[in-house]
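Chain by chain, the residues run as shown.
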Amino acid sequence: MNKWLFAMLGMSGLLMALPAAAHHSFAMFELTRSVQLKGTVKEVQWTNPHCFIQVLVPAPSGPAQWSIEMHSPLDMYRAGWRPRSFKPGDKVTVVINPLRDGTLGGRLVSAVTPDGRSLTDMRPQK
């Protein structure tokens, strides 16, 4: 009886932990649309759970700041990115999937470093 009870409690604990391992979806991005942005890196945030790059893009009313979401630092490292792949002040060209709500942001698809090297993010997580 005790073995059965412990087995059931253990299975219940595992099943309850599964949602905690889940990750948010990329539903907030228009994954079927891409936008190319050319601008200047303002800031790179190499932090968990997601890295971000802030890009100042020229606009008629002055530079517009775009917030571009990437994957985790480990995933970005595996894809060839390094914390210093971009530095503030670097000129950059990025391709993103824009946010559905129209705010200035998106999910990184690819980027070109100042020296012309192409870096890509992984395709969408499910």
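About the cut-offs
- Residues numbered from 1 in each chain as written.
- Predicted model: local features only at pLDDT ≥ 70, side-chain atom pairs only at ≥ 80, totals over all residues.
- Heavy atoms only, no water.
- Helix = DSSP H or I, 4+ residues; strand = E, 2+ residues; numbered from the N terminus.
- Buried < 20%, exposed > 50% of the residue type's maximum accessible area, 1.4 Å probe, protein only.
- Areas by Shrake-Rupley, 256 points an atom, 1.4 Å probe, with all protein chains shown as cover.
- Pairing = 2+ DSSP bridges.
- 1 Å grid on protein atoms, 1.4 Å probe; cavity = no way out; pocket = protein on both sides within 12 Å on 5 of 7 lines; lining within 4 Å.
- Points joined across faces, edges and corners; volume = space filled by probe spheres on them.
- Nonpolar A, V, L, I, M, F, W, Y, C, P; charged D, E, K, R; others polar.
- Phe/Tyr/Trp six-rings, centres within 6.5 Å; stacked < 30°, edge-to-face > 60°.
- Lys NZ or Arg CZ within 6 Å of the ring centre and 35° of its normal.
- Contact = heavy atoms within 4.5 Å.

Caption draft 1: Fine view of the overall build of the protein. Check the secondary structure of the protein and you find 2 helices and 6 strands. When the 126 residues of the protein are sorted by exposure, 33% land in the buried category. Per element, the accessible surface of the protein, about 8000 Å² overall, is 62% carbon and sulfur.

Caption draft 2: How the structure looks around the pairing of strand β3 (residues 64-69). With 6 bridges connecting them, strand β2 (residues 52-57) and β3 associate as antiparallel partners. Among the inter-strand pairings, Val55 is bridged to a residue of β3, identified as Trp66. Remark: 6 residues form the turn of the hairpin made by β2 and β3, two consecutive strands paired antiparallel; Gly62 in that turn has positive phi of roughly 115°. Two strands pair when backbone bridges link them, and β3 and strand β5 (residues 105-112) are joined in this way by 3 bridges, in the parallel orientation. The residue of β5 that forms the bridge with Ile68 is Gly106.

Caption draft 3: Quick peek at the pairing of strand β1 (residues 35-45). Across 6 bridges, the pairing between β1 and strand β4 (residues 91-98) is antiparallel. Looking at β4, one finds that Val35 is bridged to Ile96. Where β1 lies against β2, 5 bridges are found, and the strand directions are antiparallel. Along β2, the bridge assignment pairs Thr40 with Leu56. Where β1 folds back on β2, the antiparallel hairpin that results is connected by 6 residues.

Caption draft 4: How the structure looks around empty space enclosed by the protein. Scanning the entire structure with this criterion turns up 1 cavity of 30 Å³ or more. Looking at the largest cavity, the residues that line it are Val44, Trp46, Ile53, Met70, Trp81, Arg82, Pro83, Ser85 and Phe86. Taken together, the residues of the lining of the largest cavity sort by class into 7 nonpolar, 1 polar and 1 charged.

Caption draft 5: Examining the packing of aromatic side chains more closely. Under the defined criterion, the tally for this structure stands at 1 aromatic pair. With a centroid separation of 5.5 Å and an interplanar angle of 50°, the aromatic rings of Trp81 and Phe86 are classed as tilted. When sorted by exposure, Trp81 lands in the same class as Phe86, which is buried. For Arg82, the ring lying beneath its charged end belongs to Tyr77, and the centroid distance is 3.5 Å.

Caption draft 6: The environment of Lys42, seen in detail. You can see Lys42 is positioned in strand β1. Separated by 24 residues in the primary sequence, Lys42 and Trp66 place their C-alpha atoms 9.5 Å from one another. The contact partners of Lys42, leaving out residues within four places of it in the chain, are Gln54, Val55, Leu56, Gln65 and Pro88.

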